[in-house]
Amino acid sequence: MAHVRITEESEIPLLGSLYFGIIDRGTNILQVRPSCGCNLNCPFCSVDAGPESKTRATSYEVDMEYLLGAVEEIAQFKGEGVECHIDSPGEPLMYHRLPELVAALRRIECVKTISLQTNGTLLDAAKIAALESGGLDRINLSLHAIDPAIARTLAGVDWFDIDQVMNAARSVAQSRIDLLIAPVFIPGINDAEIPKLIRFAQECGAGRRFPPLGIQKFEHYRYGRSPKGVKAQNWWQFFNRSIKQWEKESGLVLRLDAKRDFGTVRRQFVPLAFSKGEKVTVEIRAPGWIHGEMLGVARNRVVSVYNCEKETGQVRVKIVSTKHNIYTGMPV
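Below: a short report on this structure. What you are looking at is a predicted structure, and each value in this text was computed from that prediction instead of being measured. (Residues numbered from 1 in each chain as written. Predicted model: local features only at pLDDT ≥ 70, side-chain atom pairs only at ≥ 80, totals over all residues. Heavy atoms only, no water.)

1. Concerning helix H5 (residues 162-174)
Right, so step 1: Between its first and last C-alpha atoms H5 spans 18 Å; for 13 residues at 1.5 Å apiece the expected length is 18 Å, and the two agree.
Right, so step 2: Turning to H5, the residues buried within the fold contact helix H3 (125-134), strand E7 (138-141), helix H4 (148-155), strand E8 (178-181) and helix H6 (193-204).
Right, so step 3: Capping of H5 at its N-terminal end is provided by Asp161; its side-chain oxygen lies 3.0 Å from the backbone amide nitrogen of Asp163. (Helix = DSSP H or I, 4+ residues; strand = E, 2+ residues; numbered from the N terminus. Expected span 1.5 Å × (residues − 1). Contact = heavy atoms within 4.5 Å. Polar contact = N/O pair within 3.5 Å; in protein donor to acceptor, adjacent residues only side chain to side chain.)

Structure representation (structure tokens):
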């Protein structure tokens with residue numbers, strides 16, 4: 001697998017890619033993606049990440065100072081009350097400067113909230129203390145089962161230790177960092193585990209400032225993994241058959257509201273650099289996330305070019321998607 005270090009000198013922008021940098025979805029939340037490595041092989045992974053990936057060709061790591069400069073610029077554009085949500089197509093704690101990144105984000109004037117998505121396997125007392133000291137507000141913990149066998153199956157690795165992750169969760173809940181348990185509900189696999197996770201969240205002290213749980217709906221993705229025989233619910237089924245029943249059993253409000261629960265509000269998008277259907281010339285700068293993909297650059301944006309035969313030089317492409325300032329194109 002190729003490894004690409006993204007620095008200012010690389011001339012690879014930090015807007016336009018799903019895999020690294022910054023994603024703007026038109027709210028006061030900025031997704032901050034410093035790297036994309038993963039240590040698990042979850043069988044429901046939406047992007048086929050992890051050591052046993054069959055499609056992934058490249059990993060990326062962003063220079064921290066380069067990333068901070070871009071965050072500061074976009075945060076100023078967004079205005080007061082920005083949340084920086086540190087996530088990844090993999091496990092963000094594999095980024096070796098993550099506590100430093102948190103502390104530096106805290107010093108950006110417009111940033112109000114800093115949150116982190118993690119599978120918890122790399123959380124220990126020292127890491128939690130460093131994140132707490134840096135000013136992290138919330139950890140969203142991707143924990144999908146409490147039964148050890150099911151938890152290992154859903155992690156996709158034999159070494160997964162549910163007791164270690166649960167102990168880390170308790171330590172987070174006892175710190176100044178808020179804890180949100182964020183399981184993915186996979187029908188037919190972890191149905192009986194969701195009520196256990198709800199009870200665990202209640203017992204360990206999750207959700208002092210934010211909700212204690214954020215239960216996610218399993219989806220099938222083109223380049224992701226899906227457990228055999230699992231059929232995704234539609235949103236009506238998820239809310240009215242699953243969430244509603246768990247709310248009744250637990251007495252908790254589990255259907256979350258972005259504005260009420262997280263202070264998420266609409267904010268102006270960073271202006272689009274391209275329009276859908278437009279034909280542009282991009283300069284190939286790096287291999288893409290999957291085989292057959294390359295990363296092109298034009299107008300200070302990254303464009304993921306699928307079915308690209310050239311590994312260097314210029315390619316004429318048709319922009320096929322611009323959603324959320326994430327650009328994809330096809331050679332023409």
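2. Looking at the packing of helix H2 (residues 98-106) against H3
Any two packed helices are characterised by the angle at which their axes cross and by the distance between the axes.
Right, so step 1: Two numbers describe how H2 lies on H3: the axes approach to 8 Å, and their chain directions differ by 15°. Judged by the angle between their axes, H2 and H3 are roughly parallel. For the element pair H2 and H3, the recorded crossing hand is right-handed. On H3, the residues that touch Pro99, Val102, Ala103 and Arg106 of H2 are Lys127, Ala130, Leu131 and Gly134.
Right, so step 2: Looking at the contact of H2 with H3 residue by residue, the class counts come to five nonpolar, one polar and two charged. (Axes fitted to C-alpha atoms, helices over the stretch in contact; angles between N-to-C directions. Parallel < 35°, antiparallel > 145°, perpendicular 65-115°, else oblique. Left-handed = near helix turned anticlockwise from the far one by under 90°. Nonpolar A, V, L, I, M, F, W, Y, C, P; charged D, E, K, R; others polar.)

3. Some details on the environment of Val280
Right, so step 1: With respect to the helices and strands, Val280 occurs in strand E11 (residues 279-287).
Right, so step 2: Given a relative accessible area of 4%, Val280 falls into the buried group.
Right, so step 3: In the structure, Val280 is positioned 116 residues away from Gln164 in sequence and 50 Å away in space, judged by C-alpha atoms.
Right, so step 4: Discounting chain neighbours no more than four positions away, the residues touching Val280 are Phe274, Arg299, Val315, Arg316, Val317 and Ile319. (Buried < 20%, exposed > 50% of the residue type's maximum accessible area, 1.4 Å probe, protein only.)

4. Concerning unusual backbone geometry
Right, so step 1: Backbone geometry places His324, a non-glycine residue, at a positive phi of 55°.
Right, so step 2: Take His324: it is sitting in the loop between strand E14 (314-321) and strand E15 (328-331).
Right, so step 3: Located in the positive-phi region is Asn325, a residue other than glycine, with phi close to 60°.
Right, so step 4: By the element assignment, Asn325 lies in the loop between E14 and E15.

5. Points about the sheet that holds E11
Right, so step 1: One closed barrel accounts for five strands, arranged E11-E12-E13-E15-E14; its pairing is mixed. Strand after strand, the sheet turns through a mean of 55° between neighbouring axes, direction not considered.
Right, so step 2: Two elements, E11 and strand E12 (residues 293-298), share four bridges in a ladder whose sense is antiparallel. The residue bridging Ala286 from the neighbouring strand is Leu295, located in E12. (Pairing = 2+ DSSP bridges.)

6. Some words on the side chain of Asp178
Right, so step 1: Take Asp178: it is sitting in strand E8.
Right, so step 2: Although Asp178 lies buried, it forms no salt bridge, and the closest oppositely charged side chain, Arg208, sits 4.3 Å away as judged by the N-O distance.
Right, so step 3: In terms of polar contacts, Asp178 uses its side chain to reach the backbone amide nitrogen of Arg208, at 2.8 Å.
Right, so step 4: Not counting chain neighbours up to four residues away, the residues in contact with Asp178 comprise Asp137, Arg138, Ile139, Val172, Gly207, Arg208, Arg209 and Phe210. (Lys, Arg positive; Asp, Glu negative; His and termini not counted. Salt bridge = Lys/Arg side-chain N within 4 Å of Asp/Glu carboxyl O.)

7. Regarding the nonpolar core
Right, so step 1: Counting residues in each nonpolar core, the largest one holds 92 residues, and the members touching the most others are Phe20 and Leu179.
Right, so step 2: Top element by residues in this core is helix H1 (residues 64-78). It accounts for eight residues.
Right, so step 3: Residues within four places of Phe20 in sequence aside, it is in contact with Ile6, Ile12, Pro13, Leu14, Arg33, Tyr60, Val62, Leu295 and Val302.
Right, so step 4: The next biggest cluster of nonpolar side chains, apart from the first, holds 14 residues, and it includes Phe274, Val280, Ile284 and Val315. (Core = buried A, V, L, I, M, F, W, Y, C linked by side-chain atoms within 4.5 Å.)

8. So, the packing of aromatic side chains
Right, so step 1: Inspection of every chain in the model, using the stated rule, returns ten aromatic pairs.
Right, so step 2: Measuring from centroid to centroid gives 4.9 Å for Phe185 and Trp246, while their planes differ by 90°, and the two rings are edge-to-face. With Phe185 in strand E9 (residues 184-185) and Trp246 in helix H7 (residues 235-250), this residue pair connects regions lying 61 residues apart in the sequence. Taken as a pair, Phe185 and Trp246 share a single burial class, namely buried.
Right, so step 3: Here Phe210 and Phe262 contribute two aromatic rings whose centre-to-centre distance is 6.1 Å and whose plane-to-plane angle is 15°, an arrangement assigned as stacked. Of this pair, Phe210 sits in the loop between H6 and strand E10 (216-217) while Phe262 sits in helix H8 (residues 258-262), placing them 52 residues apart in sequence.
Right, so step 4: Classification of Phe210 by relative accessible area gives buried; the value is 10%.
Right, so step 5: Through successive ring pairs, a cluster of aromatic residues spans Tyr19, Phe20, Tyr60 and Trp289.
Right, so step 6: Of note, Arg138 hangs over the ring of Phe210, and the distance from its end group to the ring centre comes to 4.5 Å.
Right, so step 7: The side chain of Lys217 reaches across the aromatic face of Trp235, ending 4.8 Å from its centre. (Phe/Tyr/Trp six-rings, centres within 6.5 Å; stacked < 30°, edge-to-face > 60°. Lys NZ or Arg CZ within 6 Å of the ring centre and 35° of its normal.)

Note that every value here comes from positions in space, so none of it alone points to a role or purpose.
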